Amino acid sequence: MKKLLAAFSAAILVLTLASCGTQKQSVSVEAMDTFMKIEYYGDESVGEKLTGEIKRLDSLFSVTDKNSEVYALNRDKEVKPSDDLSALLKRSLTLCDRLDGALDVTILPVVEKWGFLSGKYRVPEKQEIQSALKVVNYKNIEVDNDKVKLKNNAKLDLGAVAKGYAADKCLEILGDNNVETSLLNLGGTIAVHGRKPDGTPWRVGIADPDNPSDYIGFVSCSDKVVATSGGYERYFEKDGRRYIHIIDTQTGFPSDNGIASVTVISDSGTLSDALSTALFVKGLDGAREYHRDNPDFDYVILTTDKKLYISEGIVNDFTLSESDRYEVVKN
Ligand code: AMP
Ligand code: MG
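On a predicted model such as this, the values are computed, not experimentally measured, just so you know.

1. What about the overall build of the protein?
Assigned secondary structure in the protein consists of 8 helices and 17 strands. Taking 20 Å as the expected radius of gyration for a compact globule of 331 residues, we find that the protein reaches 22 Å, a close match to that expectation. Referenced to the eigenvectors of the C-alpha coordinate spread, the extents of the protein come out at roughly 85 × 55 × 35 Å. A buried classification covers 51% of the 331 residues belonging to the protein. Sequence separation of 24 or more characterises 57% of the internal contacts of the protein that already satisfy a separation of 6 or more. Carbon and sulfur atoms provide 47% of the accessible area of the protein, an area that totals close to 16,300 Å². Positive and negative side-chain charges in the protein, numbering 41 and 51 respectively, have mean positions lying 2 Å apart.

2. Thoughts on the nonpolar core
Within the largest apolar cluster, 69 residues are counted, with the highest numbers of intra-cluster contacts made by Phe61, Leu156, Leu158 and Leu279. Here the element with the most residues in this core is helix α8 (residues 269-293); it accounts for 10 residues.

3. Digging into the coordination of the magnesium ion (ligand 2)
When a metal carries six donors in an octahedron, the ideal angles between them are 90 or 180 degrees, while four donors in a tetrahedron ideally lie at 109.5 degrees. The protein atoms that coordinate the magnesium ion (ligand 2) are Ala160 (O), Asp273 (O), Asp273 (OD) and Thr277 (OG1), at distances of 2.1 to 2.5 Å. Summarised as a motif, the one-chain spacing of the donors to the magnesium ion (ligand 2) is A-x112-D-x3-T. Here Asp273 pairs with Thr277, and both are found in helix α8, just 4 residues apart, close to one helical turn. An identical accessibility class is assigned to Asp273 and Thr277; each is buried.

4. Topic: helix α2 (residues 44-61)
With 18 residues, α2 ought to run about 26 Å at 1.5 Å a step, and its terminal C-alpha atoms sit 27 Å apart, in line with that. Every buried residue of α2 is listed here: Val46, Gly47, Leu50, Thr51, Glu53, Ile54, Leu57, Leu60 and Phe61. Summarising the contacts, the buried residues of α2 are in contact with β1 (24-31), β2 (34-41), α3 (69-76), α4 (83-98) and α7 (162-176).

5. Some remarks on the site of ligand 1
Not every one of the 16 residues close to ligand 1 is listed here, only the nearest: Asp157, Ser229, Ile247, Asp273 and Thr277. Backbone polar atom of Ala102 to a nitrogen atom of ligand 1: 3.0 Å apart, as the coordinates give it. Between ligand 1 and the protein, one listed contact pairs an oxygen atom with a side-chain N or O atom of Thr277 at 2.7 Å. Per-element accounting of the shell around ligand 1 gives the leading share, 3 residues, to α8.

6. Remarks on unusual backbone geometry
The backbone of Met32 sits at a positive phi, close to 50°, despite the residue not being glycine. Tracing the backbone through its elements, the reader meets Met32 in the loop between β1 and β2. With a relative accessible area of 12%, Met32 lands in the buried category. Notably, Asp239 is not glycine yet its phi reads approximately 50°, a positive angle. Inspection of the secondary structure puts Asp239 in the loop between β11 (235-238) and β12 (241-244).

7. Things to note about the sheet that holds strand β4 (residues 141-144)
Read across the sheet, 3 strands follow the order β3-β5-β4 without closing on themselves; strand pairing throughout is antiparallel. This sheet does not close on itself; its edge strands, each paired only once, are β3 (78-79) and β4. Direction of pairing for β3 relative to strand β5 (residues 147-150): antiparallel, over a ladder of 2 bridges. Residue Glu78 lies in a different strand from β5, and its bridge partner there is Lys149. Contacts from α4 reach β3, β4 and β5, with the element oriented near 125° to β4.

8. Topic: the packing of α2 against α4
At a closest axis distance of 10 Å, the pairing of α2 and α4 adopts a crossing angle of 70°. Relative to α4, the element α2 is oriented roughly perpendicular. Counted together, Arg56, Leu57, Leu60 and Phe61 of α2 and Asp84, Leu85 and Leu88 of α4 form the full contact between these two elements. Residues belonging to the contact of α2 with α4 are distributed by class as follows: 5 nonpolar, no polar and 2 charged.

9. Regarding the sheet that holds strand β8 (residues 202-208)
Taking strand neighbours across the sheet as the criterion, the 3 strands line up as β8-β9-β16 in an open arrangement whose pairing is antiparallel. At either end of the open sheet lies a strand with only one pairing partner, and these are β8 and β16 (318-320). The sheet shows a mean angle of 35° between the axes of neighbouring strands, taken without regard to direction. Direction of pairing for β8 relative to strand β9 (residues 211-221): antiparallel, over a ladder of 7 bridges.

10. Description of the confidence of the model for the protein
Residues at a pLDDT of 70 or more form 93% of the protein, whose mean pLDDT is 92. In the model, residues 1-21 has pLDDT below 50 throughout and makes 3 contacts with residues more than four positions away in sequence or in other chains.

Thresholds applied
Residues numbered from 1 in each chain as written. Chains lettered and ligands numbered in written order. Predicted model: local features only at pLDDT ≥ 70, side-chain atom pairs only at ≥ 80, totals over all residues. Heavy atoms only, no water. Helix = DSSP H or I, 4+ residues; strand = E, 2+ residues; numbered from the N terminus. Rg over C-alpha atoms; globule rule 2.2 N^0.38 Å. Buried < 20%, exposed > 50% of the residue type's maximum accessible area, 1.4 Å probe, protein only. Contact = heavy atoms within 4.5 Å. Areas by Shrake-Rupley, 256 points an atom, 1.4 Å probe, with all protein chains shown as cover. Lys, Arg positive; Asp, Glu negative; His and termini not counted. Charge placed at Lys NZ, Arg CZ, Asp CG, Glu CD. Core = buried A, V, L, I, M, F, W, Y, C linked by side-chain atoms within 4.5 Å. Donors = N, O, S within 2.8 Å, 3.2 Å for Na, K, Ca; no water. Expected span 1.5 Å × (residues − 1). Near = heavy atom within 4 Å. Polar contact = N/O pair within 3.5 Å; in protein donor to acceptor, adjacent residues only side chain to side chain. Pairing = 2+ DSSP bridges. Axes fitted to C-alpha atoms, helices over the stretch in contact; angles between N-to-C directions. Parallel < 35°, antiparallel > 145°, perpendicular 65-115°, else oblique. Nonpolar A, V, L, I, M, F, W, Y, C, P; charged D, E, K, R; others polar. pLDDT = per-residue confidence, 0-100.

Now the structure itself:
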């Protein structure tokens, strides 16, 4: 009887450990033009659900995959949207509006002119940029539940928000599967959920724009999505000038306003991702002004003159790794 009890309690212990999700799991996937890695404590099968979800979203939102929903929309100018396309578009359009068009998910024709889609980089003539800019206006997108329409020959590019949306969907799956601790690195968009098994919060590194495999500092946080937009992520150089993949929607030129990177920390992946791109375009003053009016996020902004601007909400959670490289300016 004693033996039976011992075996029974051992079985309960194993079950409890398994259901507490103490097993560290790690999965990776290449999607959305980047490498993604997810670590979590829980059941092995959750990993497949997460990578499956990311691949599914990639196959909806890709602008280059001829079978994607966005590709069909850009070609046919009208589709019956999936729930995800409809949800992400509605959220994006609200943000484009709130950000006065610094975020514009119809930027694709301009992105194409600079060769960022094909990888055949070039500096277009001003005339070409002007004509591409004419069709850039998020107001050309009409969304209702059973139809999305692109007016005036507009083209959709969800590149600025798709990883953040994918992070939100993955966090939903983790929640549904009772995973309490996870770290998702979706290529520059990092979601941290719960605390590390030793009880301490996650530390998210902020890349050094001059040497992106190094970190200039760390933000400690839990249950947040941390998205960084950096000029160093994709760019080309011509005649001594650097042209980055983040486009100033006013000029059609790659953003060149003294910003090196913008990191946004908020409760929502879609919000963090949208804001990191848009505040990069807005520049330092525009970004700080936007934050004063919309304080539902925190930021770390690095400028090319080696200053680090940090919002008040995270000052105490931030540690600089090399204190002499950047001058810290608190807001
Ligand atoms: P992210 O890496 O999140 O900053 O997003 C950059 C991507 O978003 C680019 O590769 C473009 O596809 C797209 N993009 C560039 N500039 C803008 C902009 N001003 N508004 C919306 N999307 C943009
Ligand atoms: Mg973004």
